[in-house]
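# Descriptive analysis of the structure
If you want the building blocks of each chain, they are given just below.
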Amino acid sequence: MPVTPNSPMAARHHPALIPVILAGGKGERFWPLSRRQYPKQFLSLDGSGRSLLQNTADRLLLVSGGWEALWVVTADPIAAGVRSQLPDLLPAHLLAEPEGRDTAPAVAWTTLEIVRQVGETAIVGCFPADHWIGDEAAFQRTLAAAIELAQAAAAIVTLGIPATHPATGYGYIEQGECLGTYQGVPAYRVQRFTEKPDAAQAATFLASRQRLADGSETCPYTWNSGMFIFPAGVMLAEFRRHAPDLLAALEREGVAAYPNLPKISLDYAVMERTDRTCVLPAAFDWDDLGDWNALARLPMNPRDRWENITLANHVGLDAHRNIVFAQDAQEVIATIGVDDLVIVRMGKVTLVAHKDRTQEIKTLLRQMGDRPEYQDLL
């Protein structure tokens, strides 16, 4: 893999990025604010008034240069919602999956469609619709480096997020050989992917930090952001190597193949098997906004002197570190003597959960799904 940044290949002009927004997730852990027809990516959670999907499109349009380059792949039941939120998106660039099959089929199908229109040399980027990015300028610089590296090395480039704590909800990327610097960003081969380690293994990863001569620290492990940049032909070649049946079905039948496709992530289908992956450690603040606890991590959300995040008309007595949200600003949520809770008021529904158990909202929704009287609340 030729990867020296000063090689003739690295200096050659690269095509503009074709960004693909992956917008098919349900976002159930933000229930009751998110619903089947109004999932997490349609929500505004940062006070901007723009949804997560709209913010993602806004930042990618700055790189791609216009709507004619942007694609979105989503689920058929929410495709109309995507059109409503992104009215300037070209109709042919909205792909609606009839059934959710995780990210591998979504990336393979979209890449095939892009190759048919643009060709295999197109540089494609895949980005989840529900991420928060704190430093847009740093994101643009990192993305420019990823585009350059993807073309120069004929590589699938992933953006790694420097780990700040031993999280068990993220995949980890171990950095290998340093490949040089692109746009001022160091690049590395991917040594290994580890999918959602247990607490002990995550702590071991973070304990491998090394102190540099200038006094700063570096860690060979980053979180897997789920953002990938690659030449379209390279990605299709790796699907042919590692998931040939999946790709052949899509080439043969297109979207009609979906009912018989496996449900598999891009990580499992390709990224953990290919030898063409590189990683760029990101230099921007990032959050995947996985559940209600993410509101406490966003710097713009107000926090009172008792460490409560209050996105509601809230009155508290001896209440600490709670996350309080109400859709209707006229409603009042009053708390007495409670700590570390998530309290959400939305229409006819009130959710009260301990912050440590918000992952179980999905289990709760499965129970509610068995009850006919709750169907309009899901």
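Residues numbered from 1 in each chain as written. Predicted model: local features only at pLDDT ≥ 70, side-chain atom pairs only at ≥ 80, totals over all residues. Heavy atoms only, no water.

The subject of this paragraph is the environment of R192. Positionally, R192 belongs in strand β8 (residues 185-194). The spatial distance from the C-alpha of R192 to the C-alpha of P87 is 40 Å, given a sequence separation of 105 residues. If near-sequence neighbours (up to four positions away) are discounted, R192 is found in contact with Y172, I173, E174, F205 and Y221. Side chain to side chain, R192 and Y221 meet in a polar contact 3.2 Å long. (Helix = DSSP H or I, 4+ residues; strand = E, 2+ residues; numbered from the N terminus. Contact = heavy atoms within 4.5 Å. Polar contact = N/O pair within 3.5 Å; in protein donor to acceptor, adjacent residues only side chain to side chain.)

Scanning all chains against the criterion turns up 10 aromatic pairs. For the pair Y38 and F42, a centre-to-centre distance of 5.7 Å together with 70° between the ring planes defines the contact as edge-to-face. With relative accessibility at 39%, the residue Y38 sits in the partly exposed group. The exposure class assigned to F42 is buried, which follows from its relative accessible area of 3%. Look at F127 and F139: their rings are 6.4 Å apart centre to centre, the planes differ by 70°, and that puts the pair in the edge-to-face class. Of this pair, F127 sits in strand β4 (residues 123-128) while F139 sits in helix α5 (residues 136-153), and the two are 12 residues apart along the sequence. The exposure class assigned to F139 is buried, which follows from its relative accessible area of 1%. The positively charged end of R59 is found above the aromatic ring belonging to F139, 6.0 Å away from the centroid. (Phe/Tyr/Trp six-rings, centres within 6.5 Å; stacked < 30°, edge-to-face > 60°. Buried < 20%, exposed > 50% of the residue type's maximum accessible area, 1.4 Å probe, protein only. Lys NZ or Arg CZ within 6 Å of the ring centre and 35° of its normal.)

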